[in-house]
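# Architecture at a glance
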Amino acid sequence: MPDIPPLVPTDLPTPTPDVASSEAEHALPSPLNAILGRDEEIERIRLLLDRDGVRLLTLLGPGGVGKTRLALEVMRKAGDDFAHGAHFVPLAPVRDHALVPFAVAKALGIQESGGLPTPEVLTAWFRPRHLLLVLDNLEQVVAAASPWLTDVLGSCPRLTVLVTSRIALNVTGEQRHHVPPLAVPDPSDAYRLDDYASVALFVQRARAVQSSFTVTSANLGTIAEICMRLDGLPLAIELAAARLNVFSPAELLARLTDRFGLLAGNLRDAPPRLRSLRDAIGWSYDLLTPQEQLVHSRLSVFVGSFSLDASEFVAASSPELAVGLDTSGMVATLIDQSLVERADGSAGTRFRMLETIREYGLAWLAERGQLDAARDAHAAYYKQLAIQAEAGLKGPDQVWWLNRLEDEHGNLREAMTWLTTRNCVPEAIELFSNITHFMHVRAHFTEWGQLLDEWFALPKLGCPTRTRAQALLADGLRTSTLGEPASTIRSLEEAVELFQELGDLKMVTSSLHVLSFAHWAADDLDRARVANDESMQLATRLGDTWTQTQNLWVRANIVWYGGDTQRARQLLGEALAVARLAGNQCLIGLVLGTLGGLAVDTGEDMAAAAALFHESMAIQEALGDQRNVPIQHLYLAMIARLQGDLDTAESHIETGMAMAQATGQAISEAVFHLELGIVAHLRHERERSVRELRQAVRLFQPARYAPDLAECLKVYAAVAYEAGEAAAAARFLGGADALLCGIQTPPYVTRLFDVHAHLPDTLRGKLGQAAFERTYAEAEGWSVDDAVAAALAFELAPGPADQPDETGPVHGLSPRELDVLRLMANGLSNQQIADELFLSRRTVTSHVTHILGKMDLASRTAAVSLAIRAGIA
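Note that this is a predicted model, so its numbers are computed, not measured.

Looking only at helices and strands, one finds 43 helices and eight strands in the protein. Looking at the protein as a whole, 56% of its 873 residues qualify as buried. A separation threshold of at least 6 residues defines the contact pool for the protein, and within that pool the share at least 24 residues apart is 70%. Total accessible area on the protein is roughly 35800 Å²; 52% of this is exposed by carbon and sulfur atoms.

Strands in a sheet are paired, the pairing made by backbone hydrogen bonds, and the direction either parallel or antiparallel. Taken in spatial order, the three strands of this open sheet run β6-β8-β7, and their pairing is antiparallel. Where the open sheet ends on each side, the last strands, each with one partner, are β6 (305-306) and β7 (341-345). The sheet contact formed by β7 and strand β8 (residues 348-352) spans five bridges and is antiparallel. Within β8, the residue paired with Arg-342 across the bridge is Phe-351.

A few words on helix α13 (residues 290-299). Residues separated by three or four positions in an α-helix point in the same direction, a consequence of the helix having 3.6 residues per turn. Most of α13 is tucked away: eight of the 10 residues are buried. Burial in α13 covers these residues: Glu-292, Gln-293, Leu-294, Val-295, His-296, Ser-297, Arg-298 and Leu-299.

What follows covers the side chain of Gln-140. Within the secondary structure layout, Gln-140 lies in the loop between β3 (131-136) and α6 (148-155). At 2.6 Å, the side chain of Gln-140 and the backbone oxygen of Leu-91 are in polar contact. A polar atom in the side chain of Gln-140 sits 2.6 Å from the backbone oxygen of Val-94.

Reading across from one edge, β2-β3-β4-β1-β5 is the order of the five strands in this open sheet, with parallel pairing throughout. With partners counted over all chains shown, the strands left at the sheet margins are β2 (86-90) and β5 (174-178), one partner each. Direction aside, neighbouring strands of the sheet carry axes that sit 20 degrees apart on average. Note: strand β1 (residues 56-60) against β5, five bridges, orientation parallel. From the neighbouring strand, Thr-58 faces β5, where its bridge partner is Arg-176.

Counted according to the given criterion, the structure contains 22 aromatic pairs. Judged by centre distance (6.5 Å) and plane angle (65 degrees), the rings of Phe-202 and Phe-213 are edge-to-face. Placement of Phe-202 in helix α7 (residues 197-209) and of Phe-213 in the loop between α7 and α8 (220-229) is noted, with a sequence separation of 11 residues between them. Each member of the pair, Phe-202 as well as Phe-213, carries the same accessibility label: buried. Between Phe-732 and Phe-794, the ring centres sit 5.4 Å apart and the planes meet at 80 degrees, which makes this aromatic pair edge-to-face. Remark: Phe-794 occurs in the loop between α39 (784-793) and α40 (815-825) and Phe-732 occurs in helix α36 (residues 726-740); sequence separation between them is 62 residues. Residues Phe-732 and Phe-794 agree in their burial class; the two are buried. Pairwise contacts between aromatic rings join Phe-302, Phe-306, Phe-313, Phe-351, Tyr-381 and Tyr-382 into one cluster. Of note, Arg-129 hangs over the ring of Trp-125, and the distance from its end group to the ring centre comes to 4.0 Å. Across from the ring centre of Trp-418, 5.4 Å away, lies the NZ or CZ of Arg-375, which sits over that ring.

It is worth spelling out the nonpolar core at this point. With 170 residues, the main nonpolar core has Phe-202, Tyr-382, Leu-431, Trp-455 and Trp-553 as its most contacted residues. Among the elements that make up this core, the one with the highest residue count is helix α29 (residues 585-601) (10 residues). Apart from the residues lying within four places of it in its own chain, the contact partners of Trp-553 are Phe-517, Trp-520, Leu-572, Ala-575, Leu-587, Leu-590, Val-591 and Thr-594.

All right, on to the side chain of Ser-516 then. With respect to the helices, strands and loops of the structure, Ser-516 is situated in helix α25 (residues 505-521). Take Ser-516: its relative accessible area is 0%, and that puts it in the buried class. Residues in contact with Ser-516, not counting those within four places in the same chain, are Ala-528, Ala-531, Asn-532, Val-554 and Ile-558.

This next bit is on the packing of helix α22 (residues 445-456) against helix α23 (residues 466-481). Running from N to C, α22 and α23 point in directions that differ by 145 degrees, and their axes come no closer than 10 Å. Note on packing geometry: the crossing formed by α22 with α23 is left-handed. Only Arg-468, Ala-471, Leu-472, Ala-474, Asp-475, Leu-477, Arg-478 and Thr-481 of α23 make contact with α22, whose side of the interface consists of Phe-445, Trp-448, Gly-449, Leu-452 and Phe-456. Of the residues contributing to the contact of α22 with α23, the split by class is eight nonpolar, two polar and three charged.

Take helix α33 (residues 666-682) next. Under the 1.5 Å per step criterion, the end-to-end length of α33 is 24 Å for 17 residues, consistent within 8% with the ideal 24 Å. With 15 of its 17 residues buried, α33 lies for the most part within the structure. Downstream of α33 by a residue or two, His-684 has a phi angle that is positive, lying close to 65 degrees.

Two elements in contact, helix α31 (residues 629-642) and helix α32 (residues 646-662), have axes whose closest approach is 8 Å; the angle formed by their N-to-C orientations is 165 degrees. Looking at the two axes, α31 sits roughly antiparallel to α32. You can see that α31 and α32 cross each other, and the crossing is left-handed. Between α31 and α32, the contacting residues are Val-629, Pro-630, His-633, Leu-636, Ala-637, Ala-640 and Arg-641 on the first element and Leu-646, Thr-648, Ala-649, His-652, Ile-653, Thr-655, Gly-656, Met-659 and Ala-660 on the second.

Side chains carrying opposite charge are able to pair once their charged atoms draw close together. One pass over the full model with this rule turns up 38 salt bridges. Across the pair Glu-711 and Lys-714 runs a salt bridge whose closest N-O atoms are separated by 3.7 Å. On the criterion of helical spacing, the pair formed by Glu-711 and Lys-714 is a turn pair, its members being three residues apart in helix α35 (residues 706-722). Assigned by exposure class, Glu-711 and Lys-714 land together as buried. Taken together, the salt bridges that share partners define one network made up of Asp-647, Glu-650, Arg-683, Glu-685 and Arg-688.

Mean pLDDT for the protein: 83, with 86% of residues reaching 70 or above. Of the regions scoring below 50 in pLDDT, residues 1-27 engages in 39 contacts with residues more than four places distant in sequence or in other chains. The model gives residues 800-809 a pLDDT under 50, and that stretch makes 18 contacts with residues more than four places away or in other chains.

Rules behind the numbers
Residues numbered from 1 in each chain as written. Predicted model: local features only at pLDDT ≥ 70, side-chain atom pairs only at ≥ 80, totals over all residues. Heavy atoms only, no water. Helix = DSSP H or I, 4+ residues; strand = E, 2+ residues; numbered from the N terminus. Buried < 20%, exposed > 50% of the residue type's maximum accessible area, 1.4 Å probe, protein only. Contact = heavy atoms within 4.5 Å. Areas by Shrake-Rupley, 256 points an atom, 1.4 Å probe, with all protein chains shown as cover. Pairing = 2+ DSSP bridges. Polar contact = N/O pair within 3.5 Å; in protein donor to acceptor, adjacent residues only side chain to side chain. Axes fitted to C-alpha atoms, helices over the stretch in contact; angles between N-to-C directions. Phe/Tyr/Trp six-rings, centres within 6.5 Å; stacked < 30°, edge-to-face > 60°. Lys NZ or Arg CZ within 6 Å of the ring centre and 35° of its normal. Core = buried A, V, L, I, M, F, W, Y, C linked by side-chain atoms within 4.5 Å. Left-handed = near helix turned anticlockwise from the far one by under 90°. Nonpolar A, V, L, I, M, F, W, Y, C, P; charged D, E, K, R; others polar. Expected span 1.5 Å × (residues − 1). Parallel < 35°, antiparallel > 145°, perpendicular 65-115°, else oblique. Salt bridge = Lys/Arg side-chain N within 4 Å of Asp/Glu carboxyl O. pLDDT = per-residue confidence, 0-100.

Next up, the structure:
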């Protein structure tokens, strides 16, 4: 590299560029370990540095995220792009911004001169050189950015500066790049956990302290959980891995509740600010003003993300912050300080903190005795939000409110938990009562049940109060939706009685509406009509149009199940008109789906019925309605099956079943298994059909609902006949009819299974009339338990009648599962398989789990190996 004539006075002792570059490079820290998971990040930063007009690039991020290590790697790879190389200047030890030029000069090997101020010497030295200057840890001396650094850049057009800082410089020309933590595992992708950089870093550092450390199937999930709990922060992961000289991974995970006490490092060569996780975050806190520290710590009570108005409420509730507080400005400052991140919510812009930083803020509040007050303010805000949401969920802005509450879901749960802890159970249940419609639409049934179980276990919920009545109503709505009519009706009848005693007619109306729905779901149409009439009368008297329209929908179903399809269609038309007028998207989607079901039951044009289901599903998907979208998939699967398109039918079943499984809707999942059993039967896959039917029976069993089990027995009969077991088929038909004796059979979609209609006559011809009647009568007294036992005990007899299908060599995999297995063997990830087959990633993950279960294998690798050896792929 040729020397460039210096543009400084001849008496200035300036080293040649070659010498300066050499000294800087020799002084560069040499990382002992390879950088992990940053290849794309490094390339992105190099592209930014190469972009026209970018002269100052700031790598921003919280302490411990790996900014310095990333900058060093960028410098090593990009240094050769600059004619005079790259130079690294560590600024962490410098506390006075005025000393920054001296620290830079020292790092570059430039001697100070009495003739010129050091800043001028540096400017003269930089001016002719094309180089990359890396200033590491500028946050505590950020004032050096202006005017010194901006002046240097203005005077030295060949100079490019890369800065690492926890604080944005906020100067003209600054390009910012936020350094994210390492990628953490996706819990749904259990087969690629060791592909994540955070896990790889943990393993790398673990082996550094314990050379015999190995990753096993037993500890891989634990390691992944540790990395997730530590937000993928490299510093935290390295400190955690260092503790393996004392703890096993499982013990380490159990102790992460006190992560600041646990993750204290002892590496002598680590800078003081990075010797423990507390020090790393505390370093950032020390750079805040007292007011900024208090705002940040109060915002740490939020779980997940939070909105600006929520942050304003919680911050302003502090006596020390209430007067003239510019919360938006404070949040912007905290974002610049890398302590808060901007996040996109489905209902607007939101903000969040890394969990590790959030816990530091909580600890900061607790040490000062302010944590309870901050949590009280947090709960107060969400109590107000829930009141607003209760009205908003019933109006034309339903979608916005559903999305807003989904964004706030973690905070709502946190508020209810805190109120319960504070012994404010009535307030907690009141909050829940206000958001019940959201929980219902978004199918948060598991959490719903857990909350109610905790509340009902409290002594005060045993008293006949409004609080108990609200909890009973919520319990009745949940269990009626999930198909548990016995417990539903008990809860709702008590709720009606309590609200009547309290004189709360509005809640009596709502409770009667849900009771009517529960009686209808239990096929007790007479009681359903009585409750529906009472609810409708009260709703009309109170002007409660929301409950009126809901009652119209329930009444339509009651009369439909009673056989009056014409009156049902009229009522649905009325409900639809009112719902459209009110902009009630929830009810519009519900009514359209019901009209589709009515069209199917009456044997109308299947294309028209499918159009209604698609229209309904489009609305429900926009709402995020996890209850009813699976039902639309079920109907569409049934229509496709009737039209002979079994691939489309199975695709709808898979999608709907995955949603039902994810939301704990066991009855819906059971119906999907039943429908899949029918599809498998039509494909002549008898073993698979029996396997699906068994799963349906197991899921139907707890509800003890005879019509569901009767439908299963009818399909068992068809499968048994095809397998050459006519006597078993006749017995199953007898059991199905025994279960349905005296019951008003609902219009189930599975009734449109053509084989059912002619199977009895076929069996009479096969067995003879006398033998058929004798065998059929053997099941005449079957109870629900008898039916379940017979279905689960049924085995296909091997023999010529049991023709193998293409799934034989691979343990009865379905065609779709075979497709997934082939793509796995070709090296595709779950997401790539989902894209290839036009499925969701969740559905593919479910398929992989089923494949391993059917093949009795413990790993994805083993499944791929078997597939290759079997010639499948």
